[in-house]
Amino acid sequence: MISALPRRRTLLAASTATVLALLVSGCGLGGGGGDGHRIRVGVSGDSPEWEVLAKEAAKQGLTVETVVFDDYSLPNKALSAGDIELNAFQHLVFLAQSNTENKTDIAPIAATTVVPLGLYSSKHRQLADLPDRAEIALPNDPANQGRGLRVLEQAKLIELRADAGLFATPDDITANPKHVKLTPVNAQQTPRTLKDTDAAIINDGVAELAGIAADTALFKDDPAAPQSVPYLNVIAARANQKDNADYRKIVELYASQAVQDEVRRTSNGTAHHVELPAADLQAEVARIQKQLKR
């Protein structure tokens, strides 16, 4: 596999959690952080733009600490429990699923980036090279599996029922002209399947960890397309704190030139920064949650 420059992480699953504190000296928050002196932000993996943001926040008297998780089941639990004040690791579909399954009330307060989801192979160089009856691995969690199936549909490898929705499963496939065999696996394990399969749907962050270059994808979806809105990554807070003034400062800092320069530097061209009103993001989460409850 070819090593890649550091890139943005998107949804992945992992088995353990680690914590890394990046403290920046600053004054008290006046009610913004959990202990009156800091805002703790749960992230996944390397998030150098948050280091830049922490330095910028210090200039405004805010202390920002990043808490790094490598298990995606934990940041929302930590936020709901009050162990952190914000998190920035998930897209809207994952947040809606998490709220529904865990009966939590976590709200997006800003969009950060959206990144493409790609189909990769270590055996074939182009999409057209995939043979008849190719075996393709894809994530098995509902949020990523549904998007992965949409990627395969856009690549014209399969067709899905028109009403399959965001949480499509292989049972929703209505046409499979190349007779591809789909093998659902844990999202973190998808790169490991490449030696045994013809291709795999691999999340951006998982691909980065595996040293897979973004530009080697056989196919990927368009992060700028309207269909990608549910996959916007977001900064999230407990719903009863979504209008916190200090959190609004964090949102403004994320959109600042210094932070966005770092996003562009580390994303290898895969991350697209998006700005949408918080109310629109919260409405989208509510819409997705309705799908889950059908």
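Conventions we followed
- Residues numbered from 1 in each chain as written.
- Predicted model: local features only at pLDDT ≥ 70, side-chain atom pairs only at ≥ 80, totals over all residues.
- Heavy atoms only, no water.
- Axes fitted to C-alpha atoms, helices over the stretch in contact; angles between N-to-C directions.
- Helix = DSSP H or I, 4+ residues; strand = E, 2+ residues; numbered from the N terminus.
- Parallel < 35°, antiparallel > 145°, perpendicular 65-115°, else oblique.
- Left-handed = near helix turned anticlockwise from the far one by under 90°.
- Contact = heavy atoms within 4.5 Å.
- Nonpolar A, V, L, I, M, F, W, Y, C, P; charged D, E, K, R; others polar.
- Buried < 20%, exposed > 50% of the residue type's maximum accessible area, 1.4 Å probe, protein only.
- Salt bridge = Lys/Arg side-chain N within 4 Å of Asp/Glu carboxyl O.
- Pairing = 2+ DSSP bridges.
- Arc of directions from axis to C-beta.
- pLDDT = per-residue confidence, 0-100.
- Core = buried A, V, L, I, M, F, W, Y, C linked by side-chain atoms within 4.5 Å.
- Phe/Tyr/Trp six-rings, centres within 6.5 Å; stacked < 30°, edge-to-face > 60°.
- Lys NZ or Arg CZ within 6 Å of the ring centre and 35° of its normal.

Concerning the packing of helix 1 (residues 48–58) against helix 7 (residues 257–267)
At step 1: One way to put it is that helix 1 packs onto helix 7 with a least axis distance of 8 Å and a crossing angle of 165°. Relative to helix 7, helix 1 is oriented roughly antiparallel. Relative to helix 7, the crossing made by helix 1 is right-handed. On helix 7, the residues that touch Pro48, Glu49, Val52, Leu53 and Glu56 of helix 1 are Ala258, Val259, Glu262, Val263 and Thr266.
At step 2: A class-by-class count of the residues in the contact of helix 1 with helix 7 yields 6 nonpolar, 1 polar and 3 charged.

Considering the environment of Asp46
At step 1: Considering the arrangement of structural elements, one finds Asp46 in the loop between strand 1 (39–44) and helix 1.
At step 2: Taking relative accessible area as the criterion, Asp46 reaches 55% and is therefore assigned exposed.
At step 3: A sequence separation of 220 residues divides Asp46 from Thr266, and the C-alpha atoms of the two residues are 9.8 Å apart.

Points about the environment of Ala199
At step 1: The topology assignment puts Ala199 in strand 11 (residues 199–202).
At step 2: Looking at Ala199, the relative accessible area reads 0%, which means it is buried.
At step 3: Residues Ala199 and Leu119, 80 residues apart in the sequence, show an inter-C-alpha distance of 6.6 Å.
At step 4: For Ala199, the residues in contact, after removing those within four places along its chain, are Leu119, Tyr120, Ser121, Leu130, Glu135, Ile136, Ala137 and Leu194.

Some remarks on the pattern of salt bridges
Oppositely charged side chains are able to pair whenever their charged atoms sit close together.
At step 1: As enumerated under the stated definition, the model contains 14 salt bridges in all.
At step 2: With its nearest N and O atoms 3.1 Å apart, the salt bridge here joins Glu56 to Lys59.
At step 3: The salt bridge involving Arg150 is made with Glu153; its shortest N-O contact spans 3.0 Å. You can see Arg150 and its partner Glu153 sitting in helix 4 (residues 142–154), 3 residues apart, about one turn around the helix.

A few points about the sheet that holds strand 10 (residues 181–185)
At step 1: Strand order in the open sheet formed by 5 strands is 10-7-11-6-12, and the pairing between neighbours is mixed. The sheet is open, and its two borders are formed by strand 10 and strand 12 (219–220), each paired with just one other strand.
At step 2: Across the sheet, helix 4 touches strand 6 (118–120), strand 7 (135–139), strand 10, strand 11 and strand 12, and the angle it forms with strand 7 is around 140°.

Quick word on the sheet that holds strand 3 (residues 86–91)
At step 1: Strand order in the open sheet formed by 5 strands is 2-1-3-13-4, and the pairing between neighbours is mixed. For this open sheet the edge positions go to strand 2 (64–69) and strand 4 (106–111), each flanked by a neighbour on one side alone. Each strand axis lies, on average, 35° off the axis of its neighbour in the sheet, ignoring direction.
At step 2: Summarising the sheet, strand 1 and strand 3 pair through 2 bridges and their orientation is parallel. When the sheet's bridge partners are listed, Gly42 is paired in strand 3 with Asn87.

Structural notes on helix 1
At step 1: For helix 1, the complete set of buried residues consists of Glu49, Trp50, Leu53, Ala54 and Ala57. One face of helix 1 carries all of its buried residues, which in axial projection span an arc of 145°.
At step 2: Where helix 1 is buried, its residues touch strand 1, strand 2, strand 3, strand 13 (233–238), helix 6 (245–254) and helix 7.

Notes on the confidence of the model for the protein
At step 1: Scored by pLDDT, the protein comes out at a mean of 86, with 86% of its residues at no less than 70.
At step 2: Below a pLDDT of 50 lies the segment residues 1–35, which in the model reaches 133 contacts outside its immediate sequence neighbourhood of four places, other chains included.

Quick look at the environment of Ala214
At step 1: Counting through the fold element by element, Ala214 comes out in the loop between helix 5 (204–209) and strand 12.
At step 2: Looking at Ala214, the relative accessible area reads 6%, which means it is buried.
At step 3: Sequence separation between Ala214 and Gly118 is 96 residues, and the spatial gap between their C-alpha atoms is 8.0 Å.

Considering the nonpolar core
At step 1: Counting 24 residues, the largest nonpolar core has Val41, Trp50, Leu53, Leu86, Ile235 and Ile250 as the members making the most contacts within it.
At step 2: Listing elements by their share of this core, those giving two or more residues are strand 1, helix 1, strand 2, strand 3, strand 4, strand 13, helix 6 and helix 7.
At step 3: Ignoring any residue separated from it by four or fewer positions in sequence, one finds Leu86 in contact with Ile39, Arg40, Val41, Gly42, Leu79, Ile109, Ile235, Ala236, Ala237, Tyr247 and Ile250.
At step 4: Grouped together as the second largest cluster of nonpolar side chains are 22 residues, Ile84, Val114, Leu166 and Val285 included.

What about the packing of aromatic side chains?
At step 1: Scanning the model with the defined rule gives 4 aromatic pairs in all.
At step 2: Ring centres 4.9 Å apart and planes at 85° place the aromatic pair Tyr72 and Phe89 in the edge-to-face group. Here Phe89 lies in strand 3 and Tyr72 lies in the loop between strand 2 and helix 2 (75–81), a separation of 17 residues in the sequence.
At step 3: Assessed through its relative accessible area of 4%, Tyr72 is described here as buried.
At step 4: Among the aromatic side chains, those forming a connected cluster through ring pairs are Tyr72, Phe89 and Phe94.
At step 5: Directly above the aromatic system of Tyr231 lies the positively charged group of Arg147, at a separation of 4.5 Å from the ring centroid.

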